[in-house]
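# Chain and residue survey
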Amino acid sequence: MSIKKITAVALLLSTTSAMATDSPINGTVQPKCSVYTETQGVYGHPLPNKLSTASADGGVSTSIRYDIAQADFYKAQITHPNSFSSSPTLDDVVAWTGSSVVGQVSVSGMSAYEAAKVISPSNVTTFDMTLAGSTWFTVSSTALYGYNKSLPAGSYTAIIKADCIAK
Amino acid sequence: MTPAYPVLDSSYINGVVVAKMKLFNRREDVDYYQIEVFTEDWKPVSFATTARLLKVGYNKNKLFDVYIRFADVKKTKYICTTSKVFKGGNQETLVSSMICSKIK
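Once a new chain begins, its residue numbering starts again from 1 and follows that chain's sequence as written. Whichever chain is written first becomes A and whichever ligand is written first becomes 1, with later ones labelled in order. Reporting of local features is limited, given that this is a predicted model, to residues whose pLDDT is at least 70; pairs of side-chain atoms are given and counted only at 80 or more, and all residues count toward the totals for whole chains, interfaces and linings. The side-chain values count all of the structure's non-hydrogen atoms but skip hydrogen atoms and water molecules.

## A closer look at the overall build of chain B
Using the following cut-off: Note on conventions: DSSP H or I runs of at least 4 residues are helices, E runs of at least 2 residues are strands, and numbering of each starts at the N terminus. Partly exposed describes any residue whose relative accessible area lies between the buried limit of under 20% and the exposed limit of over 50%, with all areas from a 1.4 Å probe on protein chains only and scaled to the type maximum. Any pair of residues with heavy atoms lying within 4.5 Å of one another is described as a contacting pair. To measure how exposed things are, a 1.4 Å probe is used in the Shrake-Rupley method; for residues, cover is taken only from the protein chains shown.
Scanning chain B from terminus to terminus reveals zero helices and seven strands. Seen through its C-alpha atoms, chain B measures out along the principal axes to roughly 50 × 30 × 20 Å. Sorting the 104 residues of chain B into buried and exposed places 46% on the buried side. Put simply, of all contacts in chain B between residues at least 6 apart along the chain, 60% involve residues at least 24 apart. Carbon and sulfur atoms provide 51% of the accessible area of chain B, an area that totals close to 5700 Å².

Next up, the structure:
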């Protein structure tokens, strides 16, 4: 009987003691960069010789999100296409245009990235990621084929390169 | 990919240094990543690793070691992982992402 009581008291004490113990949760914030495709781009085909991601042309622009864990460690470099990665055989030249612009931002100061961006060469845009948080970039692309020539029927795919490079 | 600034440590092979890296896949549309090493002006540098093409599931991470010859250390600047995208289907744009850590 007394042994049972002692055991019960001992168990209670141990439980109380466990409840009083601090349980720290440890974490480390490291400088890191993550890239997400928020919206997959789609080419509209408004004219026989034109493919365009502009909404006015029936396309969808690509939206890419960069998450930066710590300020001023990375630069974002976005390359819009200047060739198709897959297409039917083309026997004439394709004239490419495009742009990469700052869209939504998680910190208001990130809006300044747009004015400070560097375009060099013509299809590569570099943004200096000086603030921590998320930035969405909208990338558009247009391809004009030959001189008013119709694009051959088939599937067309182009690749946007979204790089995040430690400074 | 972490760390942003990897440290090159001596390895168990004479004349070869190693960088210990970690890749975290935050892209649901990507399963494979290619490891590459570059100089400051983006010329490729010879390196060794267990697999140059890593399969990493969505929201999973993978540790990997990059071995570089001691003779190449001075010219090595970036260790990068590039997402591998599938060929794609109809009239679309695909996003290939490259994350680079810098050796300082």
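## Some words on the nonpolar core
Formally: In plain words, nonpolar cores are sets of buried Ala, Val, Leu, Ile, Met, Phe, Trp, Tyr and Cys residues tied together by side-chain atoms within 4.5 Å.
Counting residues in each nonpolar core, the largest one holds 40 residues, and the members touching the most others are Y66 of chain A together with V66 of chain B. L51, Y145, L151 and Y156 of chain A belong to the second largest nonpolar core, which has nine residues in total.

## Some thoughts on the state of the cysteines
Residue and element names in this part refer to chain B. This is how the line gets drawn: Disulfides are defined as pairs of cysteine sulfur atoms found within 2.5 Å of each other.
Across all of its chains, the model carries two disulfides over all chains by this definition. The partner cysteine of C80 in its disulfide is C100, sulfur to sulfur 2.1 Å. Around the S-S axis, the bridge from C80 to C100 shows a dihedral of about 110° and counts as right-handed. In this pair, C80 is assigned in strand β6 (residues 78-84) and C100 in strand β7 (residues 92-102), connecting sequence segments 20 residues apart. When sorted by exposure, C80 lands in the same class as C100, which is buried.

## Notes on the sheet that holds strand β1 (residues 9-10) of chain B
Residue and element names in this part refer to chain B. Defined as follows: Note on pairing: two strands pair once DSSP finds at least 2 bridges between them.
Ordered in space as β1-β2-β5, the three strands form an open sheet in which the pairing is antiparallel. With partners counted over all chains shown, the strands left at the sheet margins are β1 and β5 (61-69), one partner each. Pairing analysis gives two bridges linking β1 to strand β2 (residues 16-24), with the strands arranged antiparallel. Looking at β2, one finds that D9 is bridged to V18.

## Observations concerning a nonpolar patch on the surface
Residues and elements named next belong to chain B. The following threshold applies: Patch criteria: residues need more than 30% relative accessible area and no salt bridge. Like-charged residues are merged within 9 Å; nonpolar side chains of Val, Leu, Ile, Met, Phe, Trp and Tyr are merged within 5 Å. Salt bridges are counted wherever a side-chain nitrogen of Lys or Arg sits within 4 Å of a carboxyl oxygen of Asp or Glu.
On the surface, Y32, L53 and F86 cluster together into a nonpolar patch covering about 320 Å² of accessible area. Note that Y32 resides in strand β3 (residues 32-38). We classify Y32 as partly exposed; its relative accessible area is 30%.

## Observations regarding the confidence of the model for chain A
Where we set the bar: A residue's pLDDT is simply how confident the predictor is in it, with values from 0 to 100.
Scored by pLDDT, chain A has a mean of 88; 85% of the residues are at 70 or more. This model gives residues 8-18 of chain A a pLDDT under 50, and the stretch forms zero contacts once residues within four places in sequence are excluded.

## Quick notes on the interface of chain A and chain B
As a reminder, the rule being used: Buried area counts how much accessible surface, traced with a 1.4 Å probe, disappears from two parts once they are put together, with both parts' losses summed. Here a polar contact is recorded for every N or O atom pair within 3.5 Å, except that within protein the pair must consist of a potential hydrogen donor and a potential acceptor, and residues adjacent in sequence are included only if both atoms are side-chain atoms.
At the junction of the two partners, chain A supplies 35 residues and chain B supplies 28 residues. Summed over both partners, the interface of chain A with chain B buries about 2700 Å², with 52% contributed by carbon and sulfur atoms. Our enumeration of links across chain A and chain B arrives at zero salt bridges. The tally of links between chain A and chain B comes to 16 residue pairs in polar contact (both at pLDDT 80 or more).

## Details of the packing of aromatic side chains
Describing an aromatic ring pair means giving the distance of the ring centres and the angle of the ring planes. Let me state the cut-off plainly: Stacked, tilted and edge-to-face are the three classes applied to pairs of Phe, Tyr and Trp rings, where Trp contributes its six-membered ring and a pair requires centres within 6.5 Å; stacked means planes under 30 degrees apart, edge-to-face means over 60, and tilted covers the rest. We call a charge positioned over a ring when the NZ of a Lys or the CZ of an Arg lies within 6 Å of the ring centre and within 35 degrees of the ring normal.
Scanning the model with the defined rule gives nine aromatic pairs over all chains in all. Taken together, Y43, F84, W96 and Y156 of chain A form an aromatic cluster joined through their ring pairs. The positively charged end of K104 of chain B is found above the aromatic ring belonging to Y5 of chain B, 4.3 Å away from the centroid.

## A closer look at the pairing of strand β11 (residues 157-166) of chain A
Across the ten residues that make up β11 of chain A, a large majority, eight, are buried. By the bridge criterion, six bridges tie strand β6 (residues 74-79) of chain A to β11 of chain A in an arrangement that is antiparallel. Across the sheet, residue I78 of chain A finds its bridge partner in β11 of chain A, namely A162 of chain A. Relative to β7 of chain B, β11 of chain A runs parallel, the two being bridged by nine bridges. Its bridge partner lying in β7 of chain B, D163 of chain A is registered against M98 of chain B.

## Let's talk about the pattern of salt bridges
Residues and elements named next belong to chain A. Considering all chains together, one arrives at 14 salt bridges over all chains under this definition. The salt bridge partner of D91 is K149, with a shortest N-O separation of 3.5 Å. Taken as a pair, D91 in the loop between β6 and β7 (94-105) and K149 in the loop between β10 (133-145) and β11 lie far apart in primary sequence, 58 residues in all. Residue D91 is classed as exposed on the basis of its relative accessible area of 66%. D92 serves as the salt-bridge partner of K149, at 3.4 Å between the closest nitrogen and oxygen.

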